[in-house]
Amino acid sequence: VLNVIDELEPGDTLEAKVTRLAESELRRRLARYQLTDRQFQAKYGMTLGEFEDRELVAERHYSFEVENDRQDWDLAADGIRSTERQLAELLDLP
């Protein structure tokens, strides 16, 4: 494992290498969550908050697609918040 990490992140200390790898993975996840959020915003023409305030799931008669989108969208929004928090902790940002 150490050889692979050394090849992926040459030089520096093991802690610095692992920190950079963790940062890269968190940024990749954040980008995926943000993409999902943007896709749903484009699909419904509103933010998740607006979607919930409008009670669109009920308005669309609890269709499987809308309920499923709502769950996926909520997971993406939670993922954005938690990943941003993890990144801030990792990078020791305020």
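Only a predicted model underlies this, so the values are computations on that prediction, with no experimental measurement involved.

Quick notes on the packing of aromatic side chains
One pass over the structure, following the stated rule, counts four aromatic pairs. Here a set of aromatic residues connected by ring pairs shows up, and it is made of F40, Y44, F51 and W73. The residue whose ring lies beneath R32 is Y33, and the NZ or CZ to ring-centre distance is 5.1 Å.

Quick notes on the side chain of T83
With respect to the secondary-structure elements, T83 resides in helix α5 (residues 64-91). With sequence-adjacent residues up to four places away left out, T83 is seen in contact with L26, L30 and Y33.

Some points on the environment of M46
Examined against the element boundaries, M46 turns out to sit in the loop between α2 (14-44) and α3 (48-53). Judged by its relative accessible area of 11%, M46 falls in the buried class. Not counting residues within four places of it along the chain, the set of residues in contact with M46 comprises F40, Q41, F51, R54, L56 and W73.

Some remarks on unusual backbone geometry
Notably, E55 is not glycine yet its phi reads approximately 55 degrees, a positive angle. Residue placement: E55 occurs in the loop between α3 and α4 (56-59). Residue E55 is classed as exposed on the basis of its relative accessible area, which comes to 53%. Residue H61 is not a glycine yet carries a positive backbone phi of 60 degrees.

Comments concerning the nonpolar core
Membership of the largest hydrophobic core is limited to 10 residues, which are F40, Y44, M46, L48, F51, L56, V57, V66, W73 and A77. At the level of secondary structure, the elements contributing two or more residues to this core comprise α2, α3, α4 and α5. In terms of residues, this core owes the most to one element, α5, which gives three residues. When neighbours within four sequence positions are excluded, Y44 is seen to be in contact with F51, L56, R60, E65, V66, D69 and W73.

Thresholds, definitions, all that
Residues numbered from 1 in each chain as written. Predicted model: local features only at pLDDT ≥ 70, side-chain atom pairs only at ≥ 80, totals over all residues. Heavy atoms only, no water. Phe/Tyr/Trp six-rings, centres within 6.5 Å; stacked < 30°, edge-to-face > 60°. Lys NZ or Arg CZ within 6 Å of the ring centre and 35° of its normal. Helix = DSSP H or I, 4+ residues; strand = E, 2+ residues; numbered from the N terminus. Contact = heavy atoms within 4.5 Å. Buried < 20%, exposed > 50% of the residue type's maximum accessible area, 1.4 Å probe, protein only. Core = buried A, V, L, I, M, F, W, Y, C linked by side-chain atoms within 4.5 Å.

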